[in-house]
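A structural walkthrough
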Amino acid sequence: MSIATIVLGESGTGKTYSLRDLDPAQTLLIQAVRKPLPFRAMGWARMDREKKQPGNIFVSDFSARIINLMQKTSRKIIVLDDFQYVLANEFMRRSNERGFDKYTEIGRHAWDILTVANNLPDDVRVYILAHTQNDEYGRVKMKTIGKLLDDKITLEGLFTIVLRTVVTDRRFQFSTINNGSDTVKAPPDMFPDQLIDNDLAAVDTCLCDYYGISTTHAPAA
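Residues numbered from 1 in each chain as written. Predicted model: local features only at pLDDT ≥ 70, side-chain atom pairs only at ≥ 80, totals over all residues. Heavy atoms only, no water.

Where an unreviewed UniProt entry is consulted, the protein chain appears under the name AAA family ATPase, with the organism given as Chitinimonas arctica.

So, in structure tokens, the structure goes:
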């Protein structure tokens, strides 16, 4: 069973930037929306199908393609960035469809991705990065496409670890403890502090230490 983690935060609060110290040779980045990385991308490259060039960055918002990428890679760290656009882009593609069945299907596609993220080999770590929204009670949660989907599935409920970005005095951090109005959670002795640096490499080290996962790997394909 793989270890999957959600990282929540508003745009510009350091979610994608937190990838900066991950080892590109061991990381697969799946972007739901194609965009440049917000750091000097040494060792990161997009797959070019036309030129048949391999890479560790793939762009897709289709659930079946994302699942195939996660299941086929030999890399031990998988990052799915802008997960909310997997839902939103499918909703927009199907905006002319009437009725509520599409909400069930979109929810099922999201559930499929997250279920696979939790059921990869034991030494794989998956990080799902997504935007936040406030629900009708003012609680902060993962951004979806509305109440009809939220009534069917609580996405954070599928995970043991949910982190949230915090920006204070231009310092970018992750919150590791629930504040009573969000969905943050983690084993209480996993992280050293309530607020930690927004560094997924450091987070990954904490997860591996906590769960006894070896980080000595052969070169990834």
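This part takes up the overall build of the protein chain. Along the backbone of the protein chain there are five helices and 10 strands. For 221 residues, the compact-globule formula gives about 17 Å, and the C-alpha radius of gyration of the protein chain, at 17 Å, lands near that figure. With respect to the principal axes defined by its C-alpha atoms, the protein chain has extents near 50 × 45 × 35 Å. Burial analysis of the protein chain (221 residues in total) assigns 48% to the buried set. (Helix = DSSP H or I, 4+ residues; strand = E, 2+ residues; numbered from the N terminus. Rg over C-alpha atoms; globule rule 2.2 N^0.38 Å. Buried < 20%, exposed > 50% of the residue type's maximum accessible area, 1.4 Å probe, protein only.)

If you look at the biggest cluster of nonpolar residues, it comprises 34 residues, and the most contacted ones within it are Ile30, Met70, Ile78, Phe83, Ile113, Val126 and Ile128. In terms of residue count, the dominant contributor to this core is helix α3 (residues 101–117) (seven residues). (Core = buried A, V, L, I, M, F, W, Y, C linked by side-chain atoms within 4.5 Å.)

Here eight strands make up an open sheet; going across it, the order is β3-β2-β4-β5-β1-β8-β9-β10 and the pairing mixed. Looking at strand neighbours, the two that pair on one side only are β3 (57–59) and β10 (195–197), the edges of this open sheet. On average, adjacent strands in this sheet sit at an angle of 25 degrees to one another, irrespective of strand direction. The sheet contact formed by strand β4 (residues 77–81) and strand β5 (residues 125–130) spans four bridges and is parallel. Bridging from a neighbouring strand, Leu80 pairs with Ile128 of β5. (Pairing = 2+ DSSP bridges. Axes fitted to C-alpha atoms, helices over the stretch in contact; angles between N-to-C directions.)

So, about the pairing of strand β2 (residues 27–31). The buried fraction of β2 amounts to five of the five residues, a majority that puts the element mostly inside the structure. Taken together, the five bridges between β2 and β4 define a ladder with parallel strand orientation. By the bridge assignment, Thr27 is partnered in β4 with Ile77. Sheet topology note: the β2/β3 ladder contains three bridges and is parallel. Directly across from Leu29, in β3, lies its bridge partner Ile57.

We now examine α3. The end-to-end C-alpha separation of α3 is 25 Å, in line with the 24 Å expected for 17 residues at 1.5 Å each. Turning to α3, its buried residues are Lys102, Tyr103, Ile106, Gly107, Ala110, Asp112, Ile113, Leu114, Val116 and Ala117. (Expected span 1.5 Å × (residues − 1).)

With that settled, the discussion passes to the pairing of strand β1 (residues 3–8). The buried count for β1 comes to six of six residues, which makes it a mostly enclosed element. Where β1 lies against β5, six bridges are found, and the strand directions are parallel. The residue bridging Thr5 from the neighbouring strand is Tyr127, located in β5. By the bridge criterion, four bridges tie β1 to strand β8 (residues 161–168) in an arrangement that is parallel. In the sheet register, Leu8 faces β8, and the bridge partner there is Arg164.

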